[in-house]
Amino acid sequence: SICSIEGIHWRQWRQLPHSPNYMTLLQLPELYKTETSRVIWHYSRHEQELEVYLSFMVHERRAHAIVEQHHEGVISELEKRLEDKLGLSACLIKPTQRMVKYKQFLDIMLANTEDFEALEEVTDAQTLVTNILNTSNDLCHLQALELPDDISHDTTGELLRQSDFHVSVNNKQKRVRRVFLFENHIIFAKEVSSPEETELKYRSKHVVGLHEIGLTPYIPEEPNKCHIWTPESTFTMYSAAPQDAESWSKSISNILWGQLKQIKRDRDMSRIKKTRGAVRSRGAFPRNRR
């Protein structure tokens, strides 16, 4: 862990793309009209370097815990090398703060750019930063999820989205759950505190295969609800915003429709194979009788 601090949070810190001129633009967004091309060029040139932020943002919480645990000794030496009066803990949060500022600034540029060609480039930059923020958030929660022994990430498939909901199972009391939507499963997890209370952890409470669920279509009269059910249980997910419930309903619906299409393709292929097998067993198509 100490080597990780030395290797990542020192060597790569100096590689993060942040220039004084760019930070000035963040503080003075009214300059966007004259600086658009230069700013977007900065993003396109440093696209790969910007992805370095993922390492910082995903492991930030763990890094803070290490700093607190080992502040005396090697951490003190690192702080001296950083030459930052605020200390290493303050430096660890800077990548996240900077990426949020990047997105805020690009949102302003996107809303105020009129030139069509520039608008396309600003949109690409805004999408890049938004994806980095979303991916880091997903990875932070995903690595904190404890799966049951009989479930692995190979069987769950790719994580599609995750969020907090108030969840009622079989119309019982609502509980706060972190809901993870994978390609093959939906997992309802409970946040638990570790003994040190420094690391985020989720314990799986319900694991449901998407092949065995049904979805109640989104109902405008109940805009904050999303219903899924199995033969044994009904899960009602209550979101803080109506658009979240609708968006989740659409995501689950798309997966279910995809499964139906795949089942149809598999069934059609099975029929084709059976037909070809029957033809081969006869040796040829039967001749027409005169």
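Refer to the structure printed above.
On a predicted model such as this, the values are computed, not experimentally measured, just so you know.

A. Quick peek at the sheet that holds strand β3 (residues 175–182). Taken together, eight strands build an open sheet; the order of strands is β1-β5-β4-β3-β2-β8-β7-β6 and the sheet is mixed. Edge positions in the sheet fall to β1 (145–146) and β6 (214–216), since each of these pairs with one other strand and no more. Across five bridges, strand β7 (residues 225–229) lies against strand β8 (residues 234–238) in antiparallel orientation. Directly across from Lys-225, in β8, lies its bridge partner Tyr-238.

B. A look at the nonpolar core. Formed by 19 residues in total, the largest nonpolar core has its most connected members in Val-167, Val-179, Ile-186, Phe-188, Ile-228, Met-237 and Ile-252. Broken down by secondary-structure element, the contributors of at least two residues to this core are β2 (159–169), β3, β4 (185–193), β7, β8 and α11 (242–282). Among residues more than four places away in sequence, those in contact with Val-179 are Arg-161, Gln-162, Ser-163, Phe-165, Val-167, Ile-186, Ile-187, Phe-188, Met-237 and Trp-248. One finds Tyr-53, Met-99, Ala-125 and Ile-132 within the second-largest nonpolar core, a separate group that totals 14 residues.

C. Molecular detail of helix α8 (residues 88–112). Across its 25 residues, α8 extends 37 Å between first and last C-alpha, which sits within 8% of the 36 Å expected from 1.5 Å per residue. The largest bend in α8 comes to about 30°, at Lys-94, with the proline Pro-95 one to four residues further on. Those residues of α8 not exposed but buried are Leu-88, Cys-91, Leu-92, Pro-95, Arg-98, Met-99, Tyr-102, Phe-105, Leu-106 and Met-109.

D. Geometry of the packing of aromatic side chains. For the coordinates displayed, the defined rule picks out four aromatic pairs. Where Phe-165 meets Trp-248, the ring centres are 5.1 Å apart and the plane angle is 85°; that geometry is what we call edge-to-face. Pair noted here: Phe-165 is in strand β2 and Trp-248 is in helix α11, with a separation of 83 residues, a long-range link. Like Phe-165, the residue Trp-248 is buried in the burial classification. Put simply, the rings of Phe-180, Phe-182 and Tyr-202 touch in pairs and so form one group of aromatic residues. Positioned over the ring face of Tyr-238 is Lys-174, at 4.5 Å from the centre of the ring.

E. Spotlight on unusual backbone geometry. Despite not being glycine, Asn-170 has its phi angle at roughly 55°, a positive value. Within the fold, Asn-170 resides in the loop between β2 and β3. In this structure, Asn-171 takes a positive phi of about 60° despite not being glycine. Relative to the assigned elements, Asn-171 resides in the loop between β2 and β3. Overall, Asn-171 belongs to the exposed group, its relative accessible area being 71%.

F. Highlighting the pairing of β8. Both β2 and β8 contribute to a ladder of four bridges, which runs antiparallel. Along β8, the bridge assignment pairs His-166 with Tyr-238. Taking the residues between adjacent antiparallel strands as the criterion, β7 and β8 are bridged by four residues.

G. Spatial organisation of the pairing of β2. Note that β2 and β3 share eight bridges and pair antiparallel. In the strand pairing of β3, His-166 is matched with Val-176. Hairpin connection from β2 to β3: five residues lie between these consecutive antiparallel strands, with Asn-170 at a positive phi of about 55°.

The rules behind these values
- Residues numbered from 1 in each chain as written.
- Predicted model: local features only at pLDDT ≥ 70, side-chain atom pairs only at ≥ 80, totals over all residues.
- Heavy atoms only, no water.
- Pairing = 2+ DSSP bridges.
- Helix = DSSP H or I, 4+ residues; strand = E, 2+ residues; numbered from the N terminus.
- Core = buried A, V, L, I, M, F, W, Y, C linked by side-chain atoms within 4.5 Å.
- Buried < 20%, exposed > 50% of the residue type's maximum accessible area, 1.4 Å probe, protein only.
- Contact = heavy atoms within 4.5 Å.
- Expected span 1.5 Å × (residues − 1).
- Bend = angle between axes of the 7 residues up to and from the residue.
- Phe/Tyr/Trp six-rings, centres within 6.5 Å; stacked < 30°, edge-to-face > 60°.
- Lys NZ or Arg CZ within 6 Å of the ring centre and 35° of its normal.

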